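The primary structure of each chain is shown beneath.
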Amino acid sequence: QQLFDRAHQEVIPPFEFVLKRRDGTALPVEVSLSGIVFDGKSLLLGVARDITLRKQVEEQQERHMRYVSLRADISQALVQHSSLDIMLQRCCKALVHHLHVASSRIWTMNEKEQVLELQASAGISSYHLETQKRMAVENSKPGHIIQERRPSLINDVLNDPLINDKCWVREEGIVALVSYPLILDEQVVGMMTLFAQKQFTEETFNVLTLVADAIAQGIGRKWAEERLEKQVEQRTRELS
(Lines give C-alpha, C1' and ligand atoms only; values in the text may rest on other atoms or scores of the structure.)
Protein backbone atom coordinates (compact mmCIF):
# COMPACT_ATOMS: atom_id res chain seq x y z
CA GLN A 1 0.00 0.00 0.00
CA GLN A 2 2.87 2.36 0.78
CA LEU A 3 4.37 1.69 -2.65
CA PHE A 4 0.95 2.19 -4.25
CA ASP A 5 0.47 5.54 -2.52
CA ARG A 6 4.00 6.66 -3.33
CA ALA A 7 3.55 5.90 -7.04
CA HIS A 8 0.59 8.32 -7.15
CA GLN A 9 2.51 11.07 -5.37
CA GLU A 10 5.97 11.02 -7.00
CA VAL A 11 8.09 9.43 -9.71
CA ILE A 12 9.67 6.18 -8.50
CA PRO A 13 13.14 5.65 -10.05
CA PRO A 14 13.53 2.33 -11.91
CA PHE A 15 15.15 -0.42 -9.87
CA GLU A 16 16.72 -3.77 -10.67
CA PHE A 17 15.30 -7.07 -9.53
CA VAL A 18 16.02 -10.73 -10.20
CA LEU A 19 13.10 -12.93 -11.19
CA LYS A 20 13.22 -16.71 -11.44
CA ARG A 21 12.03 -18.59 -14.49
CA ARG A 22 10.09 -21.84 -14.22
CA ASP A 23 13.25 -23.81 -14.97
CA GLY A 24 14.98 -22.16 -11.99
CA THR A 25 17.31 -19.87 -13.96
CA ALA A 26 17.64 -16.22 -13.00
CA LEU A 27 16.16 -13.41 -15.06
CA PRO A 28 17.52 -9.93 -14.24
CA VAL A 29 14.98 -7.18 -14.93
CA GLU A 30 14.64 -3.44 -14.54
CA VAL A 31 11.29 -2.57 -12.98
CA SER A 32 9.46 0.71 -13.55
CA LEU A 33 6.40 1.57 -11.46
CA SER A 34 3.95 4.40 -11.97
CA GLY A 35 0.54 5.35 -10.64
CA ILE A 36 -2.24 5.78 -13.20
CA VAL A 37 -5.98 6.44 -13.17
CA PHE A 38 -8.14 4.32 -15.45
CA ASP A 39 -11.92 4.41 -15.58
CA GLY A 40 -11.91 6.42 -12.38
CA LYS A 41 -9.79 3.89 -10.53
CA SER A 42 -6.27 4.38 -9.17
CA LEU A 43 -4.00 1.64 -10.51
CA LEU A 44 -0.35 0.69 -10.27
CA LEU A 45 1.34 0.05 -13.61
CA GLY A 46 4.48 -2.07 -13.52
CA VAL A 47 6.83 -2.80 -16.42
CA ALA A 48 9.70 -5.29 -16.10
CA ARG A 49 12.35 -5.08 -18.84
CA ASP A 50 14.72 -7.98 -19.51
CA ILE A 51 18.25 -6.60 -18.92
CA THR A 52 20.16 -9.87 -19.32
CA LEU A 53 22.30 -8.53 -22.17
CA ARG A 54 23.07 -5.32 -20.29
CA LYS A 55 24.11 -7.23 -17.19
CA GLN A 56 26.34 -9.48 -19.28
CA VAL A 57 28.06 -6.45 -20.81
CA GLU A 58 28.49 -4.85 -17.38
CA GLU A 59 29.94 -8.07 -15.94
CA GLN A 60 32.31 -8.40 -18.90
CA GLN A 61 33.50 -4.83 -18.42
CA GLU A 62 33.93 -5.41 -14.69
CA ARG A 63 35.96 -8.59 -15.32
CA HIS A 64 38.12 -6.78 -17.86
CA MET A 65 38.89 -4.02 -15.36
CA ARG A 66 39.80 -6.61 -12.72
CA TYR A 67 42.14 -8.34 -15.16
CA VAL A 68 43.81 -5.04 -16.07
CA SER A 69 44.20 -4.12 -12.40
CA LEU A 70 45.56 -7.58 -11.60
CA ARG A 71 48.25 -7.43 -14.27
CA ALA A 72 49.17 -3.90 -13.19
CA ASP A 73 49.58 -4.97 -9.54
CA ILE A 74 51.57 -8.06 -10.56
CA SER A 75 53.88 -5.95 -12.72
CA GLN A 76 54.39 -3.48 -9.89
CA ALA A 77 55.17 -6.28 -7.42
CA LEU A 78 57.74 -7.80 -9.78
CA VAL A 79 59.69 -4.58 -10.37
CA GLN A 80 59.83 -3.37 -6.77
CA HIS A 81 63.13 -3.80 -4.96
CA SER A 82 62.39 -6.50 -2.39
CA SER A 83 63.25 -10.07 -1.46
CA LEU A 84 61.89 -13.01 -3.45
CA ASP A 85 59.38 -14.08 -0.81
CA ILE A 86 58.01 -10.54 -0.35
CA MET A 87 57.68 -10.12 -4.12
CA LEU A 88 55.76 -13.37 -4.49
CA GLN A 89 53.61 -12.63 -1.43
CA ARG A 90 52.44 -9.42 -3.11
CA CYS A 91 51.60 -11.43 -6.21
CA CYS A 92 49.52 -13.91 -4.19
CA LYS A 93 47.62 -11.11 -2.47
CA ALA A 94 46.89 -9.46 -5.82
CA LEU A 95 45.52 -12.74 -7.22
CA VAL A 96 43.18 -13.21 -4.25
CA HIS A 97 42.05 -9.58 -4.26
CA HIS A 98 41.28 -9.20 -7.95
CA LEU A 99 40.03 -12.71 -8.79
CA HIS A 100 38.15 -13.32 -5.51
CA VAL A 101 39.65 -16.79 -5.15
CA ALA A 102 39.85 -18.68 -1.86
CA SER A 103 43.61 -19.11 -1.93
CA SER A 104 46.70 -18.59 -4.05
CA ARG A 105 50.14 -20.15 -3.55
CA ILE A 106 53.51 -19.91 -5.27
CA TRP A 107 56.41 -22.35 -4.97
CA THR A 108 59.94 -22.12 -6.35
CA MET A 109 61.83 -25.10 -7.72
CA ASN A 110 64.85 -26.47 -5.86
CA GLU A 111 66.63 -28.26 -8.70
CA LYS A 112 69.30 -29.80 -6.48
CA GLU A 113 66.83 -31.52 -4.14
CA GLN A 114 64.00 -31.81 -6.70
CA VAL A 115 61.42 -30.26 -4.37
CA LEU A 116 59.04 -27.34 -4.61
CA GLU A 117 59.53 -24.84 -1.78
CA LEU A 118 56.54 -22.69 -0.77
CA GLN A 119 57.45 -19.00 -0.96
CA ALA A 120 54.09 -17.25 -0.63
CA SER A 121 50.45 -17.91 0.24
CA ALA A 122 47.36 -15.71 0.56
CA GLY A 123 43.63 -16.22 1.08
CA ILE A 124 41.27 -17.91 3.50
CA SER A 125 42.04 -21.52 2.62
CA SER A 126 44.61 -23.27 4.79
CA TYR A 127 44.40 -26.61 2.98
CA HIS A 128 47.49 -28.69 3.88
CA LEU A 129 49.54 -25.51 4.17
CA GLU A 130 52.11 -27.06 6.50
CA THR A 131 52.57 -30.24 4.47
CA GLN A 132 52.90 -28.27 1.23
CA LYS A 133 55.84 -26.13 2.34
CA ARG A 134 58.16 -28.65 0.69
CA MET A 135 56.70 -30.96 -1.95
CA ALA A 136 58.72 -33.66 -3.65
CA VAL A 137 58.51 -33.57 -7.41
CA GLU A 138 59.07 -37.27 -8.02
CA ASN A 139 55.93 -39.44 -8.23
CA SER A 140 53.53 -36.64 -7.26
CA LYS A 141 50.79 -34.58 -8.89
CA PRO A 142 52.93 -31.40 -8.78
CA GLY A 143 55.69 -33.41 -10.39
CA HIS A 144 53.30 -34.55 -13.11
CA ILE A 145 52.31 -30.93 -13.81
CA ILE A 146 55.96 -29.91 -14.01
CA GLN A 147 56.84 -32.85 -16.21
CA GLU A 148 53.94 -32.13 -18.59
CA ARG A 149 54.75 -28.40 -18.50
CA ARG A 150 51.08 -27.60 -18.99
CA PRO A 151 48.54 -26.00 -16.63
CA SER A 152 46.12 -28.29 -14.80
CA LEU A 153 42.49 -27.16 -14.44
CA ILE A 154 39.86 -28.93 -12.32
CA ASN A 155 36.45 -27.24 -12.39
CA ASP A 156 34.65 -29.94 -10.39
CA VAL A 157 36.93 -30.66 -7.46
CA LEU A 158 34.33 -32.58 -5.43
CA ASN A 159 33.91 -35.25 -8.11
CA ASP A 160 37.51 -35.39 -9.31
CA PRO A 161 39.21 -38.74 -8.56
CA LEU A 162 42.59 -37.07 -7.98
CA ILE A 163 41.30 -35.07 -4.99
CA ASN A 164 41.39 -37.23 -1.87
CA ASP A 165 40.29 -34.80 0.86
CA LYS A 166 36.59 -34.42 0.03
CA CYS A 167 35.76 -33.20 3.56
CA TRP A 168 37.94 -30.13 3.12
CA VAL A 169 36.34 -29.45 -0.27
CA ARG A 170 32.86 -29.45 1.28
CA GLU A 171 33.85 -27.43 4.36
CA GLU A 172 35.46 -24.58 2.41
CA GLY A 173 33.15 -24.77 -0.59
CA ILE A 174 36.01 -25.28 -3.03
CA VAL A 175 34.77 -25.83 -6.56
CA ALA A 176 37.83 -25.34 -8.77
CA LEU A 177 41.60 -25.77 -8.65
CA VAL A 178 44.13 -24.57 -11.21
CA SER A 179 47.91 -25.05 -11.25
CA TYR A 180 50.48 -23.49 -13.57
CA PRO A 181 54.11 -24.57 -13.99
CA LEU A 182 56.29 -21.46 -13.94
CA ILE A 183 58.64 -21.82 -16.91
CA LEU A 184 61.49 -19.54 -17.96
CA ASP A 185 63.68 -20.35 -20.97
CA GLU A 186 62.59 -24.01 -20.96
CA GLN A 187 63.44 -24.29 -17.26
CA VAL A 188 60.77 -24.87 -14.59
CA VAL A 189 61.39 -22.30 -11.86
CA GLY A 190 58.27 -22.98 -9.77
CA MET A 191 54.53 -23.55 -9.66
CA MET A 192 51.44 -21.39 -9.00
CA THR A 193 48.15 -22.80 -7.66
CA LEU A 194 44.77 -21.19 -7.02
CA PHE A 195 41.74 -22.60 -5.16
CA ALA A 196 38.36 -21.06 -5.99
CA GLN A 197 34.77 -21.30 -4.78
CA LYS A 198 33.44 -21.00 -8.33
CA GLN A 199 34.56 -22.38 -11.67
CA PHE A 200 37.35 -20.75 -13.64
CA THR A 201 36.23 -19.39 -17.00
CA GLU A 202 38.33 -19.75 -20.14
CA GLU A 203 38.93 -15.99 -20.03
CA THR A 204 40.32 -16.15 -16.48
CA PHE A 205 42.39 -19.21 -17.38
CA ASN A 206 44.03 -17.32 -20.26
CA VAL A 207 44.73 -14.26 -18.10
CA LEU A 208 46.35 -16.46 -15.46
CA THR A 209 48.58 -17.97 -18.15
CA LEU A 210 49.97 -14.49 -18.84
CA VAL A 211 50.33 -13.82 -15.11
CA ALA A 212 52.22 -17.10 -14.63
CA ASP A 213 54.65 -16.18 -17.42
CA ALA A 214 55.28 -12.78 -15.82
CA ILE A 215 55.89 -14.32 -12.38
CA ALA A 216 58.29 -16.86 -13.87
CA GLN A 217 60.28 -14.02 -15.42
CA GLY A 218 60.23 -12.19 -12.08
CA ILE A 219 61.63 -15.23 -10.28
CA GLY A 220 64.35 -15.56 -12.93
CA ARG A 221 65.36 -11.91 -12.53
CA LYS A 222 65.42 -12.21 -8.76
CA TRP A 223 67.64 -15.30 -8.92
CA ALA A 224 69.98 -13.48 -11.33
CA GLU A 225 70.18 -10.51 -8.95
CA GLU A 226 70.99 -12.83 -6.04
CA ARG A 227 73.74 -14.56 -8.04
CA LEU A 228 75.22 -11.21 -9.00
CA GLU A 229 75.16 -10.00 -5.39
CA LYS A 230 76.97 -13.15 -4.26
CA GLN A 231 79.59 -12.70 -6.97
CA VAL A 232 80.13 -9.08 -5.93
CA GLU A 233 80.45 -10.07 -2.27
CA GLN A 234 82.91 -12.82 -3.14
CA ARG A 235 84.96 -10.49 -5.31
CA THR A 236 84.94 -7.84 -2.57
CA ARG A 237 86.27 -10.38 -0.06
CA GLU A 238 89.01 -11.43 -2.49
CA LEU A 239 90.09 -7.83 -3.02
CA SER A 240 90.07 -7.20 0.72
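Quick caveat, the model's predicted, so the values are computed rather than measured. (Residues numbered from 1 in each chain as written. Predicted model: local features only at pLDDT ≥ 70, side-chain atom pairs only at ≥ 80, totals over all residues. Heavy atoms only, no water.)

(A) Local environment of the side chain of H98. If you trace the backbone, H98 turns up in helix α3 (residues 84-99). Of note is the side chain of H98, whose polar atom sits 2.6 Å from the side chain of D73. Other than its neighbours up to four places away in sequence, H98 contacts R66, S69, L70 and D73. (Helix = DSSP H or I, 4+ residues; strand = E, 2+ residues; numbered from the N terminus. Polar contact = N/O pair within 3.5 Å; in protein donor to acceptor, adjacent residues only side chain to side chain. Contact = heavy atoms within 4.5 Å.)

(B) Here's a closer look at the sheet that holds strand β7 (residues 152-154). With antiparallel pairing, the six strands of this open sheet are ordered in space as β6-β5-β4-β9-β8-β7. Two strands in the sheet have a free side with no partner beyond their single neighbour: β6 (134-136) and β7. Ignoring strand direction, the axes of neighbouring strands in this sheet form an average angle of 20°. Here strand β8 (residues 176-184) pairs with strand β9 (residues 187-196) via nine bridges, running antiparallel. Its bridge partner lying in β9, A176 is registered against A196. Strand contacts of α3: β4 (103-110), β5 (115-123) and β9, with the helix running at about 50° to β5, the strand carrying the most contacts. (Pairing = 2+ DSSP bridges. Axes fitted to C-alpha atoms, helices over the stretch in contact; angles between N-to-C directions.)

(C) Summary view of the pattern of salt bridges. All told, the structure shown has 14 salt bridges when counted by the stated rule. Note that R134 and E117 form a salt bridge whose closest N and O atoms lie 2.9 Å from each other. Note that R134 is positioned in strand β6 and E117 in strand β5, a separation of 17 residues in sequence. For R149, the salt bridge goes to E186, with nearest N and O atoms at 4.0 Å. Within this pair, whereas R149 is found in the loop between α4 (141-148) and β7, its partner E186 is found in the loop between β8 and β9, the two being separated by 37 residues in sequence. The partly exposed category is assigned to R149, whose relative accessible area is 36%. One salt-bridge network, held together by shared partners, links E16, E30, R54, K55 and E58. (Salt bridge = Lys/Arg side-chain N within 4 Å of Asp/Glu carboxyl O. Buried < 20%, exposed > 50% of the residue type's maximum accessible area, 1.4 Å probe, protein only.)

(D) The packing of aromatic side chains, seen in detail. As enumerated under the stated definition, the model contains one aromatic pair in all. Summarising the aromatic geometry, the rings of Y180 and F205 are spaced 5.5 Å apart at their centres and angled 35° between planes, so their arrangement reads as tilted. Of this pair, Y180 sits in strand β8 while F205 sits in helix α6 (residues 202-239); the two residues are 25 residues apart in sequence, bridging distant segments of the chain. (Phe/Tyr/Trp six-rings, centres within 6.5 Å; stacked < 30°, edge-to-face > 60°.)

(E) Region of interest: the packing of helix α2 (residues 52-79) against α6. Across the interface, α2 lies against α6 with an axial gap of 10 Å and an inter-helix angle of 5°. Comparing their axes, α6 and α2 come out roughly parallel. For the pair α2 and α6, the contacting residues are R63, Y67, L70, R71, I74 and L78 in the first and E203, T204, V207, L210, V211, A214, I215, G218 and R221 in the second. The residue makeup of the contact of α2 with α6, split by class, is nine nonpolar, two polar and four charged. (Parallel < 35°, antiparallel > 145°, perpendicular 65-115°, else oblique. Nonpolar A, V, L, I, M, F, W, Y, C, P; charged D, E, K, R; others polar.)

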